[in-house]
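This is what each chain is made of:
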Amino acid sequence: MKLRLGMIGGGQGAFIGAVHRIAARIDGEYELVCGAFSSNAEKSQASGLLLGLPASRSYSSYQELIEKEKQLPENERVQVISIVTPNHVHFAPTKMALENGFHVVLDKPMTFSLEEAKELEKVVKASGKLFCLTHTYTGYPMVKEAKQLIKAGAIGAVKKVYVEYPQGWLSTFLEGEDNKQASWRTDPGKSGIAGAMGDIGTHAFNLAEYVTSLEVTKICADINIVVPGRKLDDDGAALLKFNNGASGVLTATQIAAGEENNVKIRVYGEKGGVEWHQSDANSLTVMYTDKPAETWRTGSGYTSSFAQHNTRTPAGHPEGYLEAFANLYRNFALTVKAGLEGKEATPEELDFPGIEEGVRGMAFIENVIASGKSDLKWTDFTI
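Below is a short write-up of the structure.

Rules used in this analysis
Within any chain, residue numbers begin from 1 and follow the written order of that chain's sequence. For this predicted model, a pLDDT threshold of at least 70 governs which residues receive local features, and a threshold of 80 or more governs which side-chain atom pairs are given and counted, while totals over whole chains, interfaces and linings are taken from all residues. Hydrogens and water are ignored here; the side-chain numbers use all heavy atoms of the structure. Secondary structure elements follow DSSP: runs of H or I of four or more residues count as helices, runs of E of two or more count as strands, with numbering from the N terminus. Throughout, radius of gyration means the C-alpha value; the globule benchmark is 2.2 Å times the number of residues raised to the power 0.38. Think of it in three bands: with a 1.4 Å probe and only protein chains considered, a residue is buried below 20% of the maximum accessible area for its type, exposed above 50%, and partly exposed in between. We call two residues in contact when some of their heavy atoms are within 4.5 Å. What sets the accessible areas is the Shrake-Rupley method with a 1.4 Å probe; for residues, cover comes only from the shown protein chains. Here a cavity means grid points, on a 1 Å grid over the protein atoms only, where a 1.4 Å probe fits yet cannot get out; a pocket means an open set of points with protein on both sides within 12 Å along at least five of seven lines; lining residues are those with an atom within 4 Å of a point. Grid points are joined across faces, edges and corners, and a volume is the space filled by probe spheres set on the points. Residues are grouped as follows: Ala, Val, Leu, Ile, Met, Phe, Trp, Tyr, Cys and Pro are nonpolar; Asp, Glu, Lys and Arg are charged; all remaining types, including Gly, are polar. By the convention used here, strands pair only if DSSP detects at least 2 bridges between them. Axes here mean lines fitted to C-alpha atoms, for a helix over just the part in contact, with angles spanning 0 to 180 degrees between N-to-C directions. By convention in these notes, a salt bridge is any Lys or Arg side-chain nitrogen within 4 Å of a carboxyl oxygen on Asp or Glu. The definition of a polar contact used here is a pair of N or O atoms within 3.5 Å, where within protein one atom must be able to donate a hydrogen and the other to accept one, and adjacent residues in sequence count solely through side-chain atom pairs.

## Let's talk about the overall build of the chain
In terms of helices and strands, the chain carries 12 helices and 14 strands. In terms of overall size, the chain behaves like a compact globule, its C-alpha atoms giving a radius of gyration of 21 Å where 383 residues would be expected to give roughly 21 Å. The principal-axis extent of the C-alpha atoms belonging to the chain is close to 65 × 50 × 40 Å. Looking at the 383 residues of the chain, the share that counts as buried comes to 55%. Within the chain, contacts between residues separated by at least 24 positions form 68% of all contacts whose residues are at least 6 apart in sequence. Within the structure as shown, the chain displays about 15,900 Å² of accessible surface, and the carbon and sulfur contribution to it stands at 51%.

Right, here's the structure in full:
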């Protein structure tokens, strides 16, 4: 049985919508049945036509999609709605979808503000519906392996965390060249109070908390606008304190000319450490104090059930960004299906980011920007 999927946003010319659709198709768990791909009715119809949808199910607004789909027989209407719009159009369609009985997959960061995030948390809990937030990097098998090793005590108590996300695509004033992606991501009216820290800093923050199973409690940030004329931060760094006493360093920049999406994390404990780079996503370096470092590989029999559950190919065959994205969609689908069948989803199936991660991500944005403006060395991480 395939789940019936609808999409809000992600029409012609959009980048992330196509990625979501590919991810949803990889495991055959979904069938795209409807969409409101643009607020422009003609563009939405044209996008739907290219995707093979009938004109009757290519809607001109998210309101129309939700209202008309709800009127269809239960065995025809959409079941999961994927929302891939800019940040300022996350809250309203997500709220409406949940309140009308649909499960939701939402692109990150979760909302435009922390206030919206906390309100959405209430909506999710009241709706009884499932919610997934697409923090892609948690979908990689060896990221999951790092988490499981740390949980099992393989490196001892965590003492130090380094996480970084350097990009270079905004090293010039690209928004002045009518670049759609640059324009909305650097616009406070569409992106929110943060630029780089909202767009990619939230990924780094989420990765640090996911891998360590810890929470940030204090922050000390340096936030910069490097490119003249830009309205939101394009570079920053933050010192972190975690709830077990560990310290960390987070960097996120979009002005590192020549960098692509060079996500990295290193975690050190009392007995050793782990290191993962997206540029070599199939490998996890495991370090020890009393013997040489080891390279653990995706697809190997010695990895945990969580890594194996999220691995598709034999060892040596690269699995990358699209597969990691697809792992979120598949785990969400398996959890939805378990509910439909009156079963309990397994811990491996339940391993996808949800509303709690979304709220903490929005809290990170507000705390890191506030810290960057503060004269205090350390500020409490508040929600």
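## A look at the layout of surface pockets
Once rolled over the atoms, a probe with the size of a water molecule shows which space is left empty. Estimated volume of the largest pocket: approximately 740 Å³. Along the wall of the largest pocket there are 35 residues; nearest its centre are Gly9, Phe37, Thr85, Pro86 and Lys180. For the lining of the largest pocket, the elements supplying multiple residues, two or more each, are α1 (16-25), α3 (62-71) and α7 (180-185). When residues in the lining of the largest pocket are grouped by element, the largest group, five residues, is from α7. Of the residues contributing to the lining of the largest pocket, the split by class is 12 nonpolar, 16 polar and seven charged.

## Quick look at empty space enclosed by the protein
The tally for this structure, following the rule as stated, stands at two cavities of 30 Å³ or more. Within this model, the largest cavity holds a volume of roughly 40 Å³. Lining the largest cavity, in full, are Asn87, Pro109, Thr111, Phe112, Ser191, Gly192, Ile193, Ala194, Gly198, Met362 and Ile365. Looking at the lining of the largest cavity residue by residue, the class counts come to six nonpolar, five polar and no charged. The volume enclosed by the second largest cavity comes to roughly 30 Å³. In terms of lining, the second largest cavity is formed by Leu170, Arg185, Thr186, Gly195, Ala196, Arg230, Leu232, Asp233, Asp234 and Gln254. Tallied by class, residues from the lining of the second largest cavity come to three nonpolar, three polar and four charged.

## Remarks on the sheet that holds strand β4 (residues 103-106)
In spatial order, the strands read β2-β1-β3-β4-β5; together these five strands make up an open sheet with parallel pairing. Each having just a single partner strand, β2 (30-36) and β5 (131-133) make up the two edges of the open sheet. If you compare each strand with its neighbour and ignore which way they point, the axes differ by 20° on average. Pairing of β4 with β5, which is carried by three bridges, proceeds in the parallel orientation. Counterpart to Val104 in the pairing with β5 is Phe131. The strands touched by α3 are β1 (3-8), β2 and β3 (80-83); relative to β2, the strand with the most contacts, the crossing angle is about 125°. Contacts between helix α4 (residues 91-99) and the sheet are confined to β1, β3, β4 and β5, with β4 contributing the most and set at about 160° to the helix.

## Some thoughts on the side chain of Gln167
Following the sequence through the fold, Gln167 ends up in the loop between β6 (158-166) and α7. A relative accessible area of 7% places Gln167 in the buried class. Apart from residues lying up to four places away in sequence, Gln167 is in contact with Ile200, Thr253, Gln254, Ile255, Ala256, Glu259, Glu260 and Asn261.

## Observations regarding the pattern of salt bridges
Within the structure shown, the criterion is met by 17 salt bridges. Between Glu175 and Arg230 there is a salt bridge, with the nearest N and O atoms lying 2.8 Å from each other. In this pair, Glu175 sits in the loop between β6 and α7 while Arg230 sits in the loop between β7 (216-224) and β8 (235-242), placing the two residues 55 residues apart along the sequence. The pair formed by Glu175 and Arg230 is uniform in burial state, with each residue classed as buried. When the shortest N-O distance is used, the salt bridge between Asp199 and Arg185 registers 3.1 Å. Here the residue Asp199 occupies a position in helix α9 (residues 196-212), and Arg185 occupies one in helix α7, the gap between them amounting to 14 residues. When its relative accessible area of 14% is taken as the criterion, Asp199 is described as buried.

## Observations regarding the sheet that holds β7
Strand order across the open sheet formed by nine strands is β13-β12-β11-β10-β6-β9-β8-β7-β14, with mixed pairing between neighbours. Two strands bound the open sheet, and with one partner strand each, they are β13 (294-297) and β14 (379-380). Summarising the sheet, β8 and strand β9 (residues 247-253) pair through seven bridges and their orientation is antiparallel. In the strand pairing of β9, Ala237 is matched with Thr251. Those strands touched by helix α12 (residues 355-373) are β7, β8, β9 and β14, and its axis lies near 55° from that of β7.

## Describing the side chain of Asn282
For Asn282, the position within the fold is in the loop between β11 (272-277) and β12 (283-288). Of note is the side chain of Asn282, whose polar atom sits 3.3 Å from the backbone oxygen of His317. One polar contact links the side chain of Asn282 to the main-chain amide nitrogen of Glu319, over a distance of 3.2 Å. Setting aside chain neighbours within four positions, we find Asn282 in contact with Met142, Trp296, Arg297, Thr298, His317, Pro318 and Glu319.

Just distances and angles here, no functional claims.
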